[in-house]
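Inside the fold
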Amino acid sequence: MAAELSVMIPMNIPYLDLKAVTALHGEEIQAAVAEVVGSGWYLQGRALQQFEQHYAEYIGTKYCIGVANGLDALTLTLRAYKEMGKLQEGDEVLVPANTFIATVLSITENQLKPVFVDVEEDTLDLNLAALERAITSKTKVLMLVHLYGRCTYNERIQKLCEKHRLLLVEDNAQAHGCQYEDKKTGSLGQAACHSFYPGKNLGALGDGGAVTTDDEDLAQMIRSIANYGFAEKYVATYQGRNSRLDEVQAAVLNVKLRHLNEENQRRIDLARLYYNKIENETIRLPKLMDEGNNVYHIFPVFTKRRDALKQYLQDKGIGTLIHYPIPPHQQECYKEYNQQSLPITEKLAKEELSLPLNPTMTEEEAMWVVKALNDWK
Ligand SMILES: Cc1ncc(COP(=O)(O)O)c(C=O)c1O
């Protein structure tokens, strides 16, 4: 049971303590790393093969290709579609305006055109009317980003993709283990891109990423481009690059994948506590989703006085972050989009604050955060 508010003593609660996260399975991780170190085989070996097999099974796709990071997973997927003749320079890619910049970088890196679509304020899902309006004869891809761990897929999106023959590519960097009905995010479109950045729900001890897909041709093409463009050893069919998930990271991910469901459940339980106990009319929570449809990578709250709330919590020893203070279309590197008006995304960027929520947190700590929020005037 949650601790009673009246008996609580002050606590220091960091936003995320990665040392503590790793320590949850410290011995298993140490043993897995030691095995790789002792094996003398550090790239493209058994640990990667096992991880690719286990992660494909977990997500529910035929193929998984380990790559160096989440941005590469996204970039290589679009590049592979270009090499396969399914995309060409200048094609338009629909992308939620409220996303991490990597989603957009993968589009522009491939000389494709991002078309930003605003989101709904309560659900944070794409605004479907705006999405339909944005479709032109050049639209070829919908990038669906399950931001914060919330599944943002639905039947209308599926129908829209079918009607307009759009490739559906999921950015699943923040939603490992998230469900849509009896499927996992990462298996809902033609391809899905995953990041294993250390702070993610499934996080490595460094960079890592993967693409999951049922499309054998796409899987082969990504493998080839990620391996210098080789069709076979030293025969370069494409101008490729080097993007590998190394053996140490794969071994760590093999361990952590075994614990992902229990860690996600812990996140869900803590989130339920936040939803049940936070009562402050100046602080808004996003619409509650059915259990399983949200794996709470990030727990965002929204308030007009976001910076004041952040400072107040910091003074109480509670760490928070902002995801994200500047939306991609307002970044300096995207000057050509700076004048676009995407009002909900812009509002969210001003009002969002991410509360601490991770599998190492206790209920007492979560209740301490709740108390601080409820006392805030
Ligand atoms: C939504 C989203 N897409 C893409 C990425 C890029 O992943 P990486 O940091 O592994 O390159 C991240 C995470 O950092 C992300 O949160």
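The secondary structure content of the chain amounts to 13 helices and 13 strands. In terms of overall dimensions, the chain is globule-like: its C-alpha atoms have a radius of gyration of 21 Å, near the 21 Å expected for 377 residues. Over its C-alpha atoms, taken along the principal directions, the chain stretches across nearly 70 × 55 × 40 Å. For the chain, the distance from the average position of its 40 positive side-chain charges to the average position of its 51 negative side-chain charges is 3 Å.

This next bit is on the site of the ligand. In the vicinity of the ligand, 15 residues are found, and the nearest of them are Gly70, Asp171, Gln174, Ser195 and Lys200. The separation between an oxygen atom of the ligand and a polar main-chain atom of Gly70 is 2.7 Å. The side chain of Ser195 places a nitrogen or oxygen atom 2.7 Å from an oxygen atom of the ligand. Calculation on the ligand without its partners gives an accessible area of 380 Å², and the protein chains cover 91% of this total. The cavity that encloses the ligand is the largest pocket. Of all the secondary structure elements, the ones that give two or more residues to the shell around the ligand are helix 4 (70–83) and helix 5 (101–109). No other element matches helix 4, which puts 3 residues into the shell around the ligand. Here the residues of the shell around the ligand sort into 7 nonpolar, 6 polar and 2 charged.

Each assigned domain of the chain is listed here: domain 1 (7–20 + 259–375) and domain 2 (26–117 + 124–256). One C-alpha centre belongs to domain 1, the other to domain 2, and the line joining them spans 25 Å. Every contact between the two is made by 35 residues of domain 1 and, on the other side, 34 residues of domain 2. Both sides together, the interface formed by domain 1 and domain 2 hides about 2900 Å², and carbon and sulfur atoms give 59% of it. The largest share of the area that domain 1 buries against domain 2 comes from Leu260, His297 and Tyr324, three residues that together contribute 22% of it. For the interface between domain 1 and domain 2, the tally reads 0 salt bridges. Where domain 1 meets domain 2, there are 18 residue pairs in polar contact (both at pLDDT 80 or more). Those elements that place two or more of their residues in the side of domain 1 that touches domain 2 are helix 10 (260–277), strand 12 (299–302) and helix 12 (343–351). If one sorts the elements of the side of domain 1 that touches domain 2 by residue count, helix 10 sits on top with 6 residues. Residues of the side of domain 1 that touches domain 2, tallied by class, amount to 19 nonpolar, 12 polar and 4 charged.

Judged by how many residues are buried, strand 8 (residues 191–195) sits mostly within the fold: 5 of 5 residues are covered. Here strand 8 shows no split at all, with Ala191, Cys193 and Ser195 on one side and Ala192 and His194 on the other all buried. Strand direction decides the pairing type here: strand 5 (residues 167–171) and strand 8, joined by 3 bridges, are parallel. Directly across from Glu170, in strand 8, lies its bridge partner Ala192. Bridging between strand 8 and strand 9 (residues 209–213) involves 5 bridges; their strand directions are antiparallel. Residue pairing for strand 9: Ala191 is matched across the bridge by Thr213.

Glancing now at the sheet that holds strand 3 (residues 113–117). Within the open sheet, the 7 strands sit side by side as 1-9-8-5-4-2-3. Their pairing is mixed. Of all strands in the sheet, those with a lone pairing partner are strand 1 (63–67) and strand 3, marking the two edges. Across the sheet, the axes of successive neighbouring strands diverge by a mean angle of 20 degrees, strand direction being ignored. Along the sheet, helix 4 contacts strand 1, strand 4 (139–145), strand 5, strand 8 and strand 9; its crossing angle with strand 8, the most-contacted strand, is approximately 155 degrees. The sheet strands contacting helix 5 are strand 2 (92–96), strand 3, strand 4 and strand 5, and the helix crosses strand 3 at an angle near 150 degrees.

It is worth spelling out the pattern of salt bridges at this point. Overall, the coordinates contain 16 salt bridges when judged by the stated rule. The shortest N-O distance in the salt bridge between Glu121 and Lys347 comes to 2.5 Å. With Glu121 in the loop between strand 3 and helix 6 (128–134) and Lys347 in helix 12, this residue pair connects regions lying 226 residues apart in the sequence. A relative accessible area of 28% places Lys347 in the partly exposed class.

Within the secondary structure, His297 is located in the loop between helix 10 and strand 12. Separated by 164 residues in sequence, His297 and Arg133 have C-alpha atoms that sit 30 Å apart. There is a polar contact of 3.0 Å between the side chain of His297 and the side chain of Asn201.

With that settled, consider unusual backbone geometry. Along the chain, His323 connects to Tyr324 via a cis peptide bond; the corresponding omega equals 5 degrees. With respect to the helices and strands, Tyr324 occurs in the loop between helix 11 (306–315) and helix 12. The backbone phi angle of Gln44 is positive, close to 50 degrees, even though this residue is not glycine. Tracing the sequence through the fold places Gln44 in the loop between helix 2 (26–39) and helix 3 (46–59). Phi at Gln111 is positive, roughly 55 degrees, even though this residue is not glycine. Relative to the elements of secondary structure, Gln111 occurs in the loop between helix 5 and strand 3.

Here is what the cut-offs are and how they apply
Residues numbered from 1 in each chain as written. Predicted model: local features only at pLDDT ≥ 70, side-chain atom pairs only at ≥ 80, totals over all residues. Heavy atoms only, no water. Helix = DSSP H or I, 4+ residues; strand = E, 2+ residues; numbered from the N terminus. Rg over C-alpha atoms; globule rule 2.2 N^0.38 Å. Lys, Arg positive; Asp, Glu negative; His and termini not counted. Charge placed at Lys NZ, Arg CZ, Asp CG, Glu CD. Near = heavy atom within 4 Å. Polar contact = N/O pair within 3.5 Å; in protein donor to acceptor, adjacent residues only side chain to side chain. Areas by Shrake-Rupley, 256 points an atom, 1.4 Å probe, with all protein chains shown as cover. 1 Å grid on protein atoms, 1.4 Å probe; cavity = no way out; pocket = protein on both sides within 12 Å on 5 of 7 lines; lining within 4 Å. Sits in = over half its atoms within 2 Å of the grid points. Nonpolar A, V, L, I, M, F, W, Y, C, P; charged D, E, K, R; others polar. Domains from an automatic or database assignment. Contact = heavy atoms within 4.5 Å. Buried area = accessible area lost by both parts, 1.4 Å probe. Salt bridge = Lys/Arg side-chain N within 4 Å of Asp/Glu carboxyl O. Buried < 20%, exposed > 50% of the residue type's maximum accessible area, 1.4 Å probe, protein only. Pairing = 2+ DSSP bridges. Axes fitted to C-alpha atoms, helices over the stretch in contact; angles between N-to-C directions.

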